[in-house]
Amino acid sequence: MTGTLLLSACSQEQAESDDYLQEFDGKLEHVHGLGYMGSDADLAFASHDGLKFYQDGAWYSTSQQNNDYMGFTAVDEGFYTSGHPGKDSNLPNPLGVQKSSDKGRTLEKVAFEGDFDFHVMGVGYNNHTMYVVNGHETNELSMGVHKSTDNGESWEKVEASGLQGEVISIAVHPEDNERIAAASKKGIYLSEDGGSTFTRITEETNGTMVHFTDEFLYYGYFDSEARLVNYHYQDQKKTQLPLPELKQDAVAYFAQHPENAEEMVFLSFNNHAFQTTNGGDKWKTIVEAGEVQE
């Protein structure tokens with residue numbers, strides 16, 4: 001079988017016969033992003049040793065490009081990522097910003113290859129506007145938040161006035177590249193002017209993640225327990241979603257299926273992953289303490 005495997009259209013037998021994907025029953029570790037990517041909305045987890053796919057109750061790992069992905073963001077055509085090359089890779093270290101439109105079989109240089117490793121990066125699902133948080137002052141890129149609206153050809157530092165605390169997650173609206181959100185250790189922040197100014201939309205609390213859909217901002221935070229909130233930014237209505245029991249844990253990464261709002265997935269800081277197909281009324285455990293579940 002040749003060409004890119006379309007997971008959502010293939011049986012387990014087809015997946016096993018493909019040279020890129022193989023059955024996976026190992027441990028999912030050091031995840032730095034997840035999402036429904038590409039036109040088939042394949043669910044991928046970006047780990048320190050390549051992508052892991054979850055489809056119809058089965059797990060698959062990649063046989064190539066087993067890189068240490070960081071700042072991973074799924075988009076309509078695939079994904080953008082930073083990180084470090086895997087053991088058998090000939091890519092430079094660090095990766096800078098790379099993108100893939102074939103489920104990770106090949107990577108295409110976007111920017112800063114060999115120069116930067118971005119742990120915090122957000123990309124608009126449809127507009128592909130990129131925002132990165134740079135923590136190291138260099139001649140090429142100063143510290144702070146930077147954006148590119150032309151696929152990495154040029155970069156602009158944004159003022160980020162009002163944004164406080166260490167930023168651990170950043171998200172870009174899928175259509176409106178002026179609307180971005182950030183989670184920091186001071187709370188959840190929203191900008192509607194391309195990052196020039198931010199407004200905190202929560203109390204001062206430990207923000208953990210942000211994720212945009214067309215109508216909503218989903219964000220996580222931790223006070224006395226883990227919280228997941230659906231925020232409608234037009235009327236500013238906040239709805240807290242029910243979560244499975246998380247003891248001294250919180251939502252680290254979250255994604256919603258682009259074609260089915262009832263299907264959502266998240267990974268916790270303690271390496272538990274859950275998926276719902278009914279809007280959060282019931283969550284299924286798909287990873288428990290790093291061990292993948294069927």
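Preceding this paragraph is the structure being described.
Trainee: What should I look at first to understand the overall build of the protein in this one?
Mentor: For the protein, the helix and strand inventory stands at 1 helix and 26 strands. Based on the C-alpha atoms only, the size of the protein along its principal axes is roughly 50 × 45 × 30 Å. The burial tally for the protein puts 55% of its 294 residues in the buried class. Partitioning the contacts of the protein with sequence separation of at least 6, the portion at a separation of at least 24 is 41%.

Trainee: Quick question: what am I supposed to make of the sheet that holds strand β13 (residues 156–157) here?
Mentor: Within a sheet, each strand pairs with its neighbour through backbone hydrogen bonds, oriented either parallel or antiparallel. Spatially, 4 strands are ordered β10-β11-β12-β13 in an open sheet, and the strand pairing comes out antiparallel. Across the chains shown, the open sheet's two edge strands, defined by having one partner strand only, are β10 (121–123) and β13. Sheet topology note: the β10/strand β11 (residues 130–134) ladder contains 3 bridges and is antiparallel. Pairing of M121 across the sheet is with V132, part of β11.

Trainee: Would you mind showing me how to read the pairing of strand β8 (residues 97–100) here?
Mentor: On any regular strand, side chains alternate: one points to one face of the sheet, the next to the other face. The alternating pattern of β8 places V97 and K99 on one face and Q98 and S100 on the opposite face, and all of these are buried. With 3 bridges connecting them, strand β7 (residues 78–84) and β8 associate as antiparallel partners. The partner of T81 across the bridge, within β8, is Q98. Across 3 bridges, the pairing between β8 and strand β9 (residues 108–111) is antiparallel. Looking at the pairing, Q98 lines up with K109 of β9.

Trainee: It is not clear to me how the packing of aromatic side chains should be interpreted in this structure. Could you clarify?
Mentor: Aromatic rings considered in pairs are described by the distance between their centres and by the relative angle of their planes. If you walk through the whole model with that rule in mind, you get 14 aromatic pairs. Here the aromatic rings of F116 and F118 are separated by 5.5 Å at their centres, their planes lie at 10 degrees, and the arrangement is stacked. You can call F118 buried: its relative accessible area is 1%. Chaining the aromatic ring pairs together yields one cluster made of F112, F116, F118 and W155. Of note, K52 hangs over the ring of F24, and the distance from its end group to the ring centre comes to 5.3 Å.

Trainee: Any chance you could explain the pairing of strand β5 (residues 58–62) here in plain terms?
Mentor: Judged by how many residues are buried, β5 sits mostly within the fold: 5 of 5 residues are covered. Alternating positions in β5 separate into two faces, A58, Y60 and T62 on one and W59 and S61 on the other, with burial throughout. Of the strand pairs in this sheet, strand β1 (residues 21–23) and β5 are connected by 3 bridges, and their pairing is antiparallel. Counterpart to E23 in the pairing with β5 is Y60. Sheet topology note: the strand β4 (residues 50–55)/β5 ladder contains 4 bridges and is antiparallel. Paired with Y54 across the bridge in β5 is W59. What sits between β4 and β5 in their antiparallel hairpin is a turn of 2 residues, with D56 showing a positive phi close to 50 degrees.

Trainee: Hey, could you run me through the environment of G165 in this one?
Mentor: Secondary-structure assignment places G165 in the loop between β13 and β14 (167–172). Along the primary structure G165 and A183 are separated by 18 residues, whereas in three dimensions their C-alpha atoms are 8.9 Å apart. Setting aside residues up to four positions removed in sequence, G165 forms contacts with S184 and K186.

Trainee: What should I look at first to understand the environment of A74 in this one?
Mentor: Position of A74 relative to the elements: it lies in strand β6 (residues 68–75). For the pair formed by A74 and A41, sequence separation is 33 residues and the distance between their alpha carbons is 9.1 Å.

Trainee: Explanation requested: the side chain of N134 in the structure shown.
Mentor: If you trace the backbone, N134 turns up in strand β11. On the accessibility criterion, N134 (3% relative accessible area) is buried. Only 3.1 Å separates the side chain of N134 from the backbone oxygen of L141, close enough to count as a polar contact. Among residues more than four places away in sequence, those in contact with N134 are F116, F118, L141, S142, M143, G144 and H146.

Trainee: Would you take a moment to explain the nonpolar core for this structure?
Mentor: Considering soluble globular proteins, one finds that nonpolar side chains tend to be buried as a cluster. The biggest cluster of nonpolar side chains holds 17 residues, and the ones touching the most others in it are L28, F45, W59, V265, I286 and V287. Of all elements in the fold, only β2 (34–37), β3 (42–47), β23 (264–268) and β25 (284–288) reach the threshold of two or more residues within this core. Excluding residues that lie within four positions of it along the chain, L28 makes contacts with F45, S47, K52, W59, N271, V287, G290 and V292. Counting 16 residues, the second-largest nonpolar core is a separate cluster that includes A44, F53, A74 and L107.

Thresholds, definitions, all that
- Residues numbered from 1 in each chain as written.
- Predicted model: local features only at pLDDT ≥ 70, side-chain atom pairs only at ≥ 80, totals over all residues.
- Heavy atoms only, no water.
- Helix = DSSP H or I, 4+ residues; strand = E, 2+ residues; numbered from the N terminus.
- Buried < 20%, exposed > 50% of the residue type's maximum accessible area, 1.4 Å probe, protein only.
- Contact = heavy atoms within 4.5 Å.
- Pairing = 2+ DSSP bridges.
- Phe/Tyr/Trp six-rings, centres within 6.5 Å; stacked < 30°, edge-to-face > 60°.
- Lys NZ or Arg CZ within 6 Å of the ring centre and 35° of its normal.
- Polar contact = N/O pair within 3.5 Å; in protein donor to acceptor, adjacent residues only side chain to side chain.
- Core = buried A, V, L, I, M, F, W, Y, C linked by side-chain atoms within 4.5 Å.

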